[in-house]
Amino acid sequence: MGKNNKKQFNGQRETNVSTKVSVDKIKTKVNGGVFVYTGAISTGELSKTLNIPLGDIIKFLFMQGKMVTINTVLDDELIGTVCLEFGYDFQKKNIVAAENFEDLEINDDPSKLKPRPAVVTIMGHVDHGKTTLIDAIRNSNLVAGEFGGISQEIGAYQKEYNGEKITFIDTPGHEAFTAMRARGASVTDIVVLVVAADDGVMPQTIEAIDHAKAANVPIIVAINKMDKPGADPERVKQELMQHDVIAEDYGGDAICVEISAKQKKNIEGILEAILVVAELKELKANPDRYALGTVLEAKLDKNEGAKATLLIQNGTLKEGDYLVVGTSYGKARRMTNEYRKVLQEATPSTPVSVIGLGEVPQAGDRFMAFSEESEARSIATKRRLIKEQKERNATSAASLEDLFNKAKEGQRQTINLIIKADSTGSAEAVKASLEKLSTDDIKINIVRATSGAITESDVLLASASRAIIYGFNVRPDARTRAKASEEKIEIRLHRIIYALIEEIQAAMKGMLAPTFVEKITGQAEIRRLFKVSKLGTIAGCMVVEGVMRSTCGVRVIRDGIVIYEGKLASLQREKDSVKEVKNGFECGMLIENFNDIKEGDIIEGFESVEEK
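Residues numbered from 1 in each chain as written. Predicted model: local features only at pLDDT ≥ 70, side-chain atom pairs only at ≥ 80, totals over all residues. Heavy atoms only, no water.

Visitor: Lay out the overall build of the protein chain in plain terms, naming residues and giving numbers.
Guide: The secondary structure content of the protein chain amounts to 14 helices and 34 strands. For the protein chain, buried positions account for 47% of its 612 residues. Contacts in the protein chain between residues at least 24 apart in sequence constitute 70% of all its contacts with a sequence separation of at least 6. Entry remark: accessible area of the protein chain is about 31,100 Å², with carbon and sulfur atoms responsible for 47%. (Helix = DSSP H or I, 4+ residues; strand = E, 2+ residues; numbered from the N terminus. Buried < 20%, exposed > 50% of the residue type's maximum accessible area, 1.4 Å probe, protein only. Contact = heavy atoms within 4.5 Å. Areas by Shrake-Rupley, 256 points an atom, 1.4 Å probe, with all protein chains shown as cover.)

Visitor: How would you sum up the confidence of the model for the protein chain? Please name residues and give values.
Guide: Per-residue pLDDT for the protein chain has a mean of 81; in total, 81% of the residues score no lower than 70. In the model, residues 141–151 has pLDDT below 50 throughout and makes 15 contacts with residues more than four positions away in sequence or in other chains. (pLDDT = per-residue confidence, 0-100.)

Visitor: Now, about the packing of aromatic side chains: what can you tell me, with residues and values included?
Guide: The relation between two aromatic rings is expressed through the spacing of the ring centres and the mutual angle of the planes. What the rule picks out here adds up to 4 aromatic pairs. The interplanar angle of 15° and the centroid separation of 5.4 Å between the aromatic rings of Tyr-157 and Phe-168 together place this pair among those described as stacked. One end of the pair, Tyr-157, is in strand E8 (residues 156–161); the other, Phe-168, is in strand E9 (residues 164–169), and 11 residues separate them in sequence. Among the residues examined, Tyr-157 registers a relative accessible area of 0% and is labelled buried. According to the relative accessible area criterion, Phe-168 is buried, its value standing at 1%. For the ring pair Tyr-564 and Phe-594, a centre distance of 4.3 Å and an interplane angle of 5° mean the geometry is stacked. Linking Tyr-564 in strand E30 (residues 561–573) with Phe-594 in the loop between strand E33 (586–591) and strand E34 (602–611), this pair joins segments that are 30 residues apart in sequence. Judged by relative accessible area, Phe-594 falls into the buried class, the value being 12%. Looking at Arg-555, its charged tip hangs above the ring of Phe-606, at a distance of 4.0 Å from the centre. (Phe/Tyr/Trp six-rings, centres within 6.5 Å; stacked < 30°, edge-to-face > 60°. Lys NZ or Arg CZ within 6 Å of the ring centre and 35° of its normal.)

Visitor: Quick one: what's the story with a negative patch on the surface, residue by residue and with numbers?
Guide: On the surface, Glu-160, Glu-164, Glu-279 and Glu-282 cluster together into a negatively charged patch. In this fold, Glu-279 is placed in helix H8 (residues 267–281). (Patch = residues over 30% accessible without salt bridge, like charges linked within 9 Å, V, L, I, M, F, W, Y side chains within 5 Å. Salt bridge = Lys/Arg side-chain N within 4 Å of Asp/Glu carboxyl O. Lys, Arg positive; Asp, Glu negative; His and termini not counted. Charge placed at Lys NZ, Arg CZ, Asp CG, Glu CD.)

Visitor: Mind laying out the sheet that holds strand E26 (residues 491–494), listing which residues take part and the relevant values?
Guide: Taken together, the 4 strands give an open sheet; going across it, the order is E24-E23-E25-E26, and neighbouring strands pair in parallel fashion. For this open sheet the edge positions go to strand E24 (442–451) and E26, each flanked by a neighbour on one side alone. Looking at each pair of strands side by side, their axes are set apart by 25° on average, direction ignored. In this structure, strand E23 (residues 413–421) lies alongside strand E25 (residues 467–472), joined through 6 bridges in parallel fashion. From the neighbouring strand, Ile-419 faces E25, where its bridge partner is Tyr-470. (Pairing = 2+ DSSP bridges. Axes fitted to C-alpha atoms, helices over the stretch in contact; angles between N-to-C directions.)

Visitor: Can you tell me about the environment of Thr-450, naming the residues and giving the values?
Guide: By secondary structure assignment, the location of Thr-450 is in strand E24. What makes Thr-450 partly exposed here is its relative accessible area of 22%. Residues Thr-450 and Glu-428, spaced 22 residues apart in sequence, show a C-alpha to C-alpha distance of 7.8 Å. When neighbours within four sequence positions are excluded, Thr-450 is seen to be in contact with Ile-419, Lys-420, Ala-421 and Ala-427.

Visitor: Mind laying out the nonpolar core, listing which residues take part and the relevant values?
Guide: Grouped together as the largest cluster of nonpolar side chains are 29 residues, with contacts concentrated most on Leu-133, Phe-168 and Ile-274. Taken together, the elements giving at least two residues each to this core come down to strand E7 (118–124), helix H4 (130–139), E8, E9, strand E10 (190–196), strand E11 (219–224), strand E12 (255–258) and H8. Examining the composition of this core, we find that 8 residues originate from one element, H8, more than from any other. Excluding residues within four positions of it along the chain, Phe-168 makes contact with Val-120, Ile-122, Ile-137, Ala-156, Tyr-157, Lys-159, Leu-271 and Ile-274. (Core = buried A, V, L, I, M, F, W, Y, C linked by side-chain atoms within 4.5 Å.)

Visitor: Quick rundown of the sheet that holds E10? Include the residues and the values.
Guide: Strand pairing within a sheet occurs via backbone hydrogen bonds; the two strands may be parallel or antiparallel. Read from one edge to the other, the open sheet built from 6 strands follows the order E8-E9-E7-E10-E11-E12, with strand pairing classed as mixed. The open sheet has two edge strands, E8 and E12, and neither has a second partner. Strand-to-strand, the axes of this sheet are offset by a mean angle of 30°, without reference to chain direction. Examined bridge by bridge, E7 and E10 share 5 bridges and lie parallel to one another. Looking at E10, one finds that Val-120 is bridged to Ile-190. Docked against the sheet, helix H6 (residues 203–214) engages E7, E10 and E11, running at close to 165° with respect to E10.

Visitor: Now, about unusual backbone geometry: what can you tell me, with residues and values included?
Guide: Residues other than glycine seldom take positive phi values, yet Ser-349 does so here, at roughly 70°. Despite not being glycine, Asn-593 has its phi angle at roughly 60°, a positive value. Residue placement: Asn-593 occurs in the loop between E33 and E34. In this structure Asn-593 comes out as exposed when scored by relative accessible area, which is 73%.

Visitor: Which residues make up the pattern of salt bridges, and what are the values?
Guide: In this structure the tally under the stated criterion is 26 salt bridges. The salt bridge partner of Glu-503 is Arg-492, with a shortest N-O separation of 2.6 Å. On the criterion of sequence distance, the pair formed by Glu-503 in helix H14 (residues 497–508) and Arg-492 in strand E26 is long-range, its members being 11 residues apart. Judged by its relative accessible area of 18%, Glu-503 falls in the buried class. Here Glu-604 ties to Arg-555 by a salt bridge, and the two come within 2.9 Å at their closest N and O atoms. Placement of the pair is Glu-604 in strand E34 and Arg-555 in strand E29 (residues 553–558), with a sequence separation of 49 residues. According to the relative accessible area criterion, Arg-555 is buried, its value standing at 9%. Through salt bridges with shared partners, a single network forms among Asp-210, Lys-420, Arg-448 and Asp-458.

Visitor: So what's going on with the pairing of E29? Which residues, and what values?
Guide: Of all 6 residues in E29, 6 are buried; the element is thus mostly enclosed. Both faces of E29 are covered, namely the face carrying Gly-553, Arg-555 and Ile-557 and the face carrying Val-554, Val-556 and Arg-558. With 6 bridges joining them, E29 and E30 adopt antiparallel strand pairing. For Ile-557, the partnering residue across the bridge sits in E30 and is Val-562. Adjacent in sequence and paired antiparallel, E29 and E30 are bridged by 2 residues, among which Asp-559 carries a positive phi angle near 55°.

Visitor: If you had to explain the packing of helix H2 (residues 54–63) against helix H3 (residues 76–85) to someone new, which residues and values would you point to?
Guide: The geometry of H2 relative to H3 is characterised by a closest axis approach of 11 Å and an angle of 110° between their N-to-C directions. By the angle between their directions, the pair H2 and H3 is classed as roughly perpendicular. In this structure, H2 meets H3 at a crossing whose hand is right-handed. Each of Ile-57, Phe-60 and Leu-61 in H2 lies in contact with H3, whose residues at this interface are Leu-78, Thr-81, Val-82 and Glu-85. When its residues are assigned to classes, the contact of H2 with H3 shows 5 nonpolar, 1 polar and 1 charged. (Parallel < 35°, antiparallel > 145°, perpendicular 65-115°, else oblique. Left-handed = near helix turned anticlockwise from the far one by under 90°. Nonpolar A, V, L, I, M, F, W, Y, C, P; charged D, E, K, R; others polar.)

Okay, here's the thing in structure tokens:
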């Protein structure tokens, strides 16, 4: 592989994303009358690049009411104005730093794209047959004599049906599914929702629907236990309609398949439905590039060290590739599939177990492959520094103050809320009341409204959907509170429905945002001036009203006109520095960075006071 063409990002495996680009470094060029730039640029740099005299640019901008110098950094609007005036078209290219590879816009050549297997997650209420269905699909995948009875090593596997592969991911529950999505990992293309025909829609079924909808993933319903005497698939379909999952024979788009996982009846129907949905989604990826994807699970093996199950989402991972995983790096020393078969390479939608990582990553971490160890090490170091900085500056996932301050700035906001109440009737009443509050500027979106205590599942869903949790006559336990604190989720508790509604209304009007009002603390009249060479001009004053404090802001008033506003460098009384001087006492004041004072000037003290 040639080193000269390794750094271009046009979709080829040999030509991976450039790791040398940075928004801090300006790269500009003029081709055919088009000025292309990638970041901030000064007046002097623009003059040099466009070959236009600096004086002409400064003069033109001055005539437009803009005062600039050779070192003034121009914004996009000013750059465009100058270009148009001097006969250039202009174009800004957004360069993504290599350490932020999650944000890369991958524009592959359509001719390089090839179909990839669908990635499927099976979810459902406990005891509805999820595990039995997984076993039925998995066991039918074992080819007699090929792998024998070797048990799977990783929680993901592939099934081939009608010549097409399907990738299945085992999840221990909705919490894991959502925790990964909260970390920015969108790994699932399709959700298979298992519902028992004799039991119907249950709380965890509703949770699964909420999570699938929050991830904007299509749902295929597997109506299981059709062998049971009390099986009633029509009741299941009607109950699902109440949660906006509408079966095809009821005019909706949700494919419902009646099965018996225990008796392995109509498992093919599920697989066919998956292939139909996958074909409609036209799932494609480019195998001819360095791999990128997501960590599904990871552990520390006592014999092999850090070990991770990776899902390849684009490109091809080859043995020996260097990986940046989360904030660490390593080398793909060995790759195996679910049956411990060693692989030389893994293509899109393939799950593989990899050893050779520097440390154990977290489920949901993103990864990308590189050709050189130095490149991977450098990017991993930058990602770690960025993560540490973000953790130091961590803020709430969503809070009323944040949302409504943005609303005051004129931004259209969707407020996601999760409602938990002491009864279903209360939850529905609160939901109906809040949805009526939506305005042109702010939309109230109820992600979930159910009865019961606030749980960790609610916190994870709130984290994934940037929602605020409202509890009505319910309380979270200590573990849930700790989880909410860890995820920076806001939980607000009420016992009176009107108080809850009034709080949202008040917030929507921007009343929760703190406002600061100015309070005049006092005034002092300058009676004498003392010039000190090292300090400046000291004002000998008499406090004529209120109190002057060393910490307050001051403004100098001459003939009723404010001529300066700033703060005190020092406040003294009889050669001693003091914190305040009251009405009727003399004092000396030194104003920071201002000496143009005269006898008779008034120095006014003020401070900002927060007012609800």
